[in-house]
Amino acid sequence: MAATNNVGALPVVDLAPFLATGDDEGGVARASATGAVRKVCREYGFFRVVNHGVPAELMARVLELLAAFFALPDEEKAKVRPNEYLLAFDPQLGFNLYPDEPSGFKEALEELYGKLTELGVLIQEILNECMGLPPGYLKEYNGDRSFDFMAALRYFPATAEENSGISEHEDGNCITFVLQDGVGGLEVLKDGAWVPADPVEGSIVVNIGDVIQVLSNGEMKSATHRVVRKPAAHRHSLAFFFTVHGNKWVEPLPEYTEKVGKAPRYRRFLYSEYQLLRMRNMTHPPSRPEDVVHITHYAI
Ligand SMILES: O=C(O)CCC(=O)C(=O)O
Ligand SMILES: [Fe+2]
């Protein structure tokens, strides 16, 4: 059983140099932030971003609206499951359903969706640079935003009997952003110990998913993480999944294989197939833990 390492703090990456209008000094700061992202993705796959362009006021407003939404009467649900969620997709696709209450919910979620999409595009560009890919490679490979989605979550307080919010897992997509209220409980596995990804106001937690791990032939980590519920309060969080279209083939890139004389560590797969297998993990949970499909399913 891994220990919890309370002294560990997530590395922080300041994105200000990428959002400021470019000058020479900005170039140096951008190179240094890119280096920081490369290092943290190799070691960890989890970090925090600040000065990310998503207004703190909007983040706070959405979390308050989520709390108001999930607080609408339904306490019976707490008895049968550890959390509740609401999904939102690209508003332009036109199939999101929003509740009437609280007022301003749709507008705030859609505004946030747009901002997090922009942040995803920015982080993807930074990763492109970190990974030494031809300029614009990832943008071209992953230019279709129709598979991205956002999950708003509420976790019930832990009981004396159990406290699991989301059991340990890796995200299957490219890049995930997590916004959370002040309760805490998100933890990331680093060198065999659970490191808390505690809330820091205004910052956004970023984690690398399986697609980036495979493209980089395992060099960039899709970090294992979980949510442990706290006894005192409901926790609200919002996860945005920046991902590839289902019809994309995912495989280790030449920059990490033939160009550097390394054998691919994964066989190629269609993203929609992997998504389906992961979905089945949830709808038909295998009785043996070793039968749960992870990215290792495609390992060579
Ligand atoms: O609620 C959180 O902080 C994280 C949720 C998560 O890991 C997920 O939905 O994949
Ligand atoms: Fe996750």
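Look up: the structure comes first, before these words.
What counts, and at which threshold
Residues numbered from 1 in each chain as written. Chains lettered and ligands numbered in written order. Predicted model: local features only at pLDDT ≥ 70, side-chain atom pairs only at ≥ 80, totals over all residues. Heavy atoms only, no water. Helix = DSSP H or I, 4+ residues; strand = E, 2+ residues; numbered from the N terminus. Rg over C-alpha atoms; globule rule 2.2 N^0.38 Å. Buried < 20%, exposed > 50% of the residue type's maximum accessible area, 1.4 Å probe, protein only. Contact = heavy atoms within 4.5 Å. Areas by Shrake-Rupley, 256 points an atom, 1.4 Å probe, with all protein chains shown as cover. Near = heavy atom within 4 Å. Polar contact = N/O pair within 3.5 Å; in protein donor to acceptor, adjacent residues only side chain to side chain. 1 Å grid on protein atoms, 1.4 Å probe; cavity = no way out; pocket = protein on both sides within 12 Å on 5 of 7 lines; lining within 4 Å. Sits in = over half its atoms within 2 Å of the grid points. Pairing = 2+ DSSP bridges. Axes fitted to C-alpha atoms, helices over the stretch in contact; angles between N-to-C directions. Parallel < 35°, antiparallel > 145°, perpendicular 65-115°, else oblique. Left-handed = near helix turned anticlockwise from the far one by under 90°. Salt bridge = Lys/Arg side-chain N within 4 Å of Asp/Glu carboxyl O. Points joined across faces, edges and corners; volume = space filled by probe spheres on them. Nonpolar A, V, L, I, M, F, W, Y, C, P; charged D, E, K, R; others polar. Expected span 1.5 Å × (residues − 1).

J.: I would appreciate a short explanation of the overall build of the chain in the present structure.
T.: The number of helices and strands found in the chain is 7 helices and 14 strands. Taken against the 2.2 N^0.38 rule, which gives 19 Å for 300 residues, the C-alpha radius of gyration of the chain at 19 Å falls within 12% of a compact globule. Considering only C-alpha atoms, the chain reaches an extent of 55 × 50 × 45 Å along its principal axes. Here the chain, with 300 residues, has 48% of them falling under the buried criterion. A separation of at least 24 residues holds for 81% of the contacts in the chain among residues at least 6 apart in sequence. Accessible area for the chain stands at about 14800 Å²; split by element, carbon and sulfur atoms hold 55% of it.

J.: Sorry if this is basic, but what is going on with the site of ligand 1 here?
T.: Near ligand 1 the following residues occur: L153, Y155, I166, H169, D171, V178, L186, H225, V227, R235, S237 and F241. Between Y155 and ligand 1, the recorded distance is 2.5 Å, taken from a side-chain N or O atom to an oxygen atom. Measuring from an oxygen atom of ligand 1, one finds a side-chain N or O atom of S237 at 2.7 Å. In isolation ligand 1 offers 300 Å² of accessible surface; the protein chains occlude 93% of this area. Most atoms of ligand 1, that is more than half of them, are within 2 Å of grid points of the largest pocket. For the shell around ligand 1, the secondary-structure elements that each account for two or more residues are β5 (149-155), β6 (164-169), β11 (225-228) and β12 (235-242). For the shell around ligand 1, the leading source of residues is β12, giving 3 residues.

J.: Quick question: what am I supposed to make of the pairing of β11 here?
T.: For a regular strand, side-chain orientation follows a simple rule: the groups alternate between the two sheet faces. Here β11 shows two buried faces, one formed by H225 and V227 and the other by R226 and V228. Strand direction decides the pairing type here: β6 and β11, joined by 3 bridges, are antiparallel. Residue H169 lies in a different strand from β11, and its bridge partner there is H225.

J.: Looking at this structure, I do not really get the packing of helix α3 (residues 56-70) against helix α4 (residues 105-130). What am I missing?
T.: The angle between the axes and the distance between the axes are what describe a pair of packed helices. In the contact formed by α3 and α4, the axes pass within 10 Å of each other and the chain directions differ by 135 degrees. Of the possible angle classes, the one that applies to α3 and α4 is oblique. For the pair α3 and α4, the sense of crossing is left-handed. Of the residues in α4, those touching α3 at L58, M59, R61, V62, L65, L66 and F69 are F105, A108, L109, E111, L112 and K115.

J.: Looking at this model, I keep getting lost on the sheet that holds strand β4 (residues 83-89). Mind explaining?
T.: With mixed pairing, the 7 strands of this open sheet are ordered in space as β2-β3-β10-β7-β12-β5-β4. Each of the sheet's edge strands pairs with one partner strand only, and the pair in question is β2 (12-14) and β4. Adjacent strand axes in the sheet meet at a mean angle of 25 degrees when their direction is disregarded.

J.: Could you clarify how one ought to interpret the pattern of salt bridges in this entry?
T.: Pairs can form between side chains of opposite charge once their charged atoms are near each other. Applying the stated criterion across every chain yields a total of 16 salt bridges. Across the pair R42 and E219 runs a salt bridge, and its minimum N-O distance is 2.8 Å. With R42 in helix α2 (residues 24-43) and E219 in the loop between α6 (210-215) and β11, the pair connects residues that are 177 residues apart, well separated along the chain. The partly exposed category is assigned to R42, whose relative accessible area is 35%. Across the pair E111 and R61 runs a salt bridge, and its minimum N-O distance is 3.5 Å.

J.: Would you explain unusual backbone geometry in this entry?
T.: For the peptide bond that leads from E101 to P102, omega is -10 degrees, which places it in the cis range. Its place among the elements puts P102 in the loop between β4 and α4. Even without glycine at this site, N51 takes up a positive phi of about 50 degrees. By the secondary structure assignment, N51 is in the loop between β3 (46-50) and α3.

J.: Is there a simple way to think about the layout of surface pockets in this case?
T.: Gaps left between atoms show up when a probe the size of a water molecule is rolled over them. Computed from the structure, the largest pocket encloses a volume of approximately 1600 Å³. Along the wall of the largest pocket there are 49 residues; nearest its centre are I166, H169, F241, R278 and M282. Put simply, the parts of the chain that give the lining of the largest pocket at least two residues each are β4, β5, β6, β7 (175-180), β11, β12 and α7 (271-283). For the lining of the largest pocket, the class distribution of residues is 27 nonpolar, 16 polar and 6 charged.

J.: Got a minute to help me understand α3 in this structure?
T.: The α-helix winds at 3.6 residues per turn, so residues separated by three or four positions along the chain end up facing the same way. Taking 1.5 Å per residue as the helical rise, α3 with its 15 residues ought to reach 21 Å, and the 21 Å between its terminal C-alpha atoms agrees with that figure. For α3, the elements touching its buried residues are β4, α4, β5, β7, β10 (204-208) and β12.

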